[in-house]
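Survey of secondary and tertiary structure
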Amino acid sequence: MELNQEPVIFVVEDNLIYQNLIAKELESVSKNIHFYTNGESCLDELDKGPSVIVMDYNLDGKMNGLDTLQRVRNINPTFMSSFFQARRFEYQGSFS
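As the structure is a computational prediction, the values presented were derived from the model and not from experiment.

So, the side chain of S30
Relative to the helices and strands, S30 resides in the loop between α1 (16–26) and β2 (33–36). When its relative accessible area of 1% is taken as the criterion, S30 is described as buried. If near-sequence neighbours (up to four positions away) are discounted, S30 is found in contact with E6, P7 and I9.

As for the environment of L46
Considering the arrangement of structural elements, one finds L46 in the loop between α2 (39–44) and β3 (52–56). For the pair L46 and F10, spaced 36 residues apart in the sequence, the C-alpha separation amounts to 9.1 Å.

Considerations on the pairing of strand β1 (residues 9–12)
Of the two faces of β1, the one holding I9 and V11 and the one holding F10 and V12 are both buried throughout. When β1 meets β2, the two strands line up parallel, connected through four bridges. Paired with V11 across the bridge in β2 is F35. Taken together, β1, α1 and β2 constitute a β-α-β crossover, and its handedness is right-handed. With four bridges connecting them, β1 and β3 associate as parallel partners. Across the sheet, residue V12 finds its bridge partner in β3, namely M55.

Criteria and thresholds
Residues numbered from 1 in each chain as written. Predicted model: local features only at pLDDT ≥ 70, side-chain atom pairs only at ≥ 80, totals over all residues. Heavy atoms only, no water. Helix = DSSP H or I, 4+ residues; strand = E, 2+ residues; numbered from the N terminus. Buried < 20%, exposed > 50% of the residue type's maximum accessible area, 1.4 Å probe, protein only. Contact = heavy atoms within 4.5 Å. Pairing = 2+ DSSP bridges. Right-handed = clockwise from strand over helix to strand, strands pointing away.

Structure representation (structure tokens):
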């Protein structure tokens, strides 16, 4: 990657609201951001040479985030990534 070239960032997140929030945070770093809702589509486009992959653990598709990261690391063992997982609030009981 040339120094004047923007980094390629992959965001692998199946929730479109979270994708939008992540994009707002990353747009100051790069305009070259690619979004995927499953690990399979991310792996299919690794030839774009991402500098970093921001990935959710729970994903649509056959692979979760950890499975996807393991496949990425099989291709490039030195690749750096970031994982996140949103905890969903589940209330069991009554509000009355």
